[in-house]
Amino acid sequence: MNLLRQVTIDDTTLRDGEQSAGVAFTRAEKCAIARELVAAGVPELEVGIPAMGDDEQETIRAIAGQIKGQGLNARLIVWCRMCDFDLDASRDLGVDMIDLSIPMSDGQIFHKLGQSRDYVLRQIATMVPKALDAGFEVMVGGEDSSRADLDFVLEAMETAARAGACRFRFADTVGIMEPFGTAEIFRQLRSNSDLELEMHAHDDYGLATANSLAAVVGGATHVNTTVNGLGERAGNASLEEFAAAVDRLYHVQTGVDQRQFSALSQMVARASGRPVPHQKSLVGASVFTHESGIHVDGLVKNKETYQGLDPEWLGRQHELVLGKHSGTKAVLHIYGTMGIALTAGQAKSILEKVRSFAETYKRTPARQDLMTFHQQIMASEIAH
Ligand SMILES: CC(=O)SCCNC(=O)CCNC(=O)[C@H](O)C(C)(C)COP(=O)(O)OP(=O)(O)OC[C@H]1O[C@@H](n2cnc3c(N)ncnc32)[C@H](O)[C@@H]1OP(=O)(O)O
Ligand SMILES: O=C(O)CCC(=O)C(=O)O
């Protein structure tokens, strides 16, 4: 595997993330999310769609004013259809780059635009120089690339490069790619073009992060992500998953501070009204919580026994709890941390109470519940 040592994250929480049905950020929320993303070291943000109108443009201007005004180093990008109306709407917003999007698949070219492949190539050749003249760096967004004829995608990329674009975004718009095919496609794109290559993945089969990693293996230089994997339908590749996996599993640097992910995730969950599932990898509330007796016993002896991913990388810690699947070692350990030394017999009696409690209340007993169990067994010992 001939991997790059670095990949650039272009986070689209504020564009595709907000396209999640029912999600609508306020200007203040968008500015706050942008600030936190940049503070976490995310180098590129896709911040909105100027063609939506004055309000969206004002929000984009506010984000740009804030980021540039504070001298922060992030490239700001807007999404546009590849047409004059959208380009004109993007002028004077203070952003650096424009994504001029145009379909690559025959289905979208014919049925959505009512056009031909020749039209697409002509539009690229005409619109890219106009956007350059307007002062933007230009990315060509290849919508629905994953259902397109790859030879046509390569032709479109060549046209884009000749017209002066610096990047091509390969969009798996309907989320039908799988990792092995993705790596192969990106190898072909990489060996035929010098453009920067960005992967835009959707999670319809739960493969957005895997496909984004595969794109990097194949030669992608940039990856589009969203916080908590927000985005159209099942969402996009999650920032947290992609950044952690590409760093820890592939040793490819993103420059993003993973210890900021919990705070970012909570902020976006609140602003989007989409709570993070307890077991969502890396940022879910329960992903470093252990109940099973054998695991807790192992972790207490040496945390390496059941740790594949160090929670400290994310500024988090393991939590050990008691529940239906606990063993006596966990009971002894957890009561020990509460300053209570149990005998083996007492631990067994408490374990029975813990199991019954967990089934009845369907939750982990809290510290106060554990104190009550202890008082009960002590009272019963005195009574006998
Ligand atoms: C895969 C993606 O995520 S692409 C991004 C999609 N995001 C969004 O749609 C969210 C924001 N969208 C909006 O606010 C609105 O749809 C707007 C402002 C962009 C456009 O609104 P309207 O002008 O009312 O058009 P509407 O959305 O109803 O229809 C889309 C039009 O854009 C055209 N269009 C779609 N993609 C492109 C493209 N890449 N280049 C040029 N035109 C395009 C369609 O053909 C259609 O025009 P037509 O009726 O002449 O065929
Ligand atoms: O054309 C692009 O920039 C990608 C648009 C997008 O969000 C998608 O295709 O899913």
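Keep in mind that what you see is a predicted model, and the values were worked out from it rather than measured. Numbers given to residues run from 1 along each chain, matching the order in which its sequence is written. Chain A is the first chain written and ligand 1 is the first ligand written, with later ones labelled in order. Two thresholds apply to this predicted model, a pLDDT of at least 70 for residue-level local features and 80 or more for giving and counting side-chain atom pairs, whereas whole-chain, interface and lining totals are computed over all residues. In computing side-chain values, all of the structure's heavy atoms are included and hydrogens and water are not.

A short note on the domain arrangement of the chain
So, step 1. Boundaries of every domain are those given by an automatic assignment or by a domain database. When cut into domains, the chain gives domain 1 (8-272) and domain 2 (289-383).
So, step 2. Its C-alpha centre places domain 1 at a distance of 46 Å from the equivalent point of domain 2.
So, step 3. The contact criterion used is simple: two residues touch if any of their non-hydrogen atoms lie within 4.5 Å. At the junction of the two partners, domain 1 supplies five residues and domain 2 supplies five residues.
So, step 4. Buried area: the sum, over both parts, of the accessible surface (1.4 Å probe) that disappears when the two are put together. Here domain 1 and domain 2 share an interface that buries about 440 Å² over both sides, 59% of which is from carbon and sulfur atoms.

A closer look at the pattern of salt bridges
So, step 1. We define a salt bridge as a contact between a side-chain nitrogen of Lys or Arg and a carboxyl oxygen of Asp or Glu at a distance within 4 Å. Under the counting rule described, the total for this entry stands at 34 salt bridges.
So, step 2. Note that Glu-137 and Arg-75 form a salt bridge whose closest N and O atoms lie 3.0 Å from each other. One end of the pair, Glu-137, is in strand 5 (residues 137-143); the other, Arg-75, is in strand 3 (residues 75-81), and 62 residues separate them in sequence.
So, step 3. By relative accessible area, which is 30% here, Glu-137 ends up partly exposed.
So, step 4. Connected through salt bridges with shared partners, the residues Asp-10, Arg-15, Asp-16, Glu-44, Glu-46, Arg-75, Asp-99, Glu-137, Arg-167, Arg-169, Glu-196 and Glu-198 form a single ionic network. Runs of E in the DSSP output that reach at least two residues are strands. Runs of H or I that reach at least four are helices, and both are numbered from the N terminus. Burial status follows relative accessibility: with a 1.4 Å probe on protein chains alone, a residue under 20% of its type maximum counts as buried, one over 50% as exposed, and anything between as partly exposed.

Regarding the site of ligand 1
So, step 1. Throughout, near means a residue has at least one heavy atom within 4 Å of the molecule or strand. Around ligand 1, a shell composed of 15 residues is seen, among which Gln-19, Met-52, Arg-81, Ser-101 and Lys-112 lie nearest.
So, step 2. Polar contacts here mean pairs of N or O atoms no more than 3.5 Å apart (in protein, one a potential hydrogen donor and the other a potential acceptor; neighbouring residues in sequence count only if both atoms are side-chain atoms). The contact in question runs from a nitrogen atom of ligand 1 to an N or O atom on the backbone of Met-82, over 3.5 Å.
So, step 3. The separation between a nitrogen atom of ligand 1 and a polar main-chain atom of Ser-101 is 2.7 Å.
So, step 4. Against a free-state accessible area of 1000 Å², the protein chains account for coverage of 53% of ligand 1.
So, step 5. Secondary-structure elements contributing two or more residues to the shell around ligand 1 are strand 3 and strand 4 (97-103).
So, step 6. Broken down by element, the shell around ligand 1 gets its largest block of residues, three residues, from strand 4. Computed with a 1.4 Å probe, the accessible areas rest on the Shrake-Rupley method; for each residue, only the protein chains presented here act as cover.

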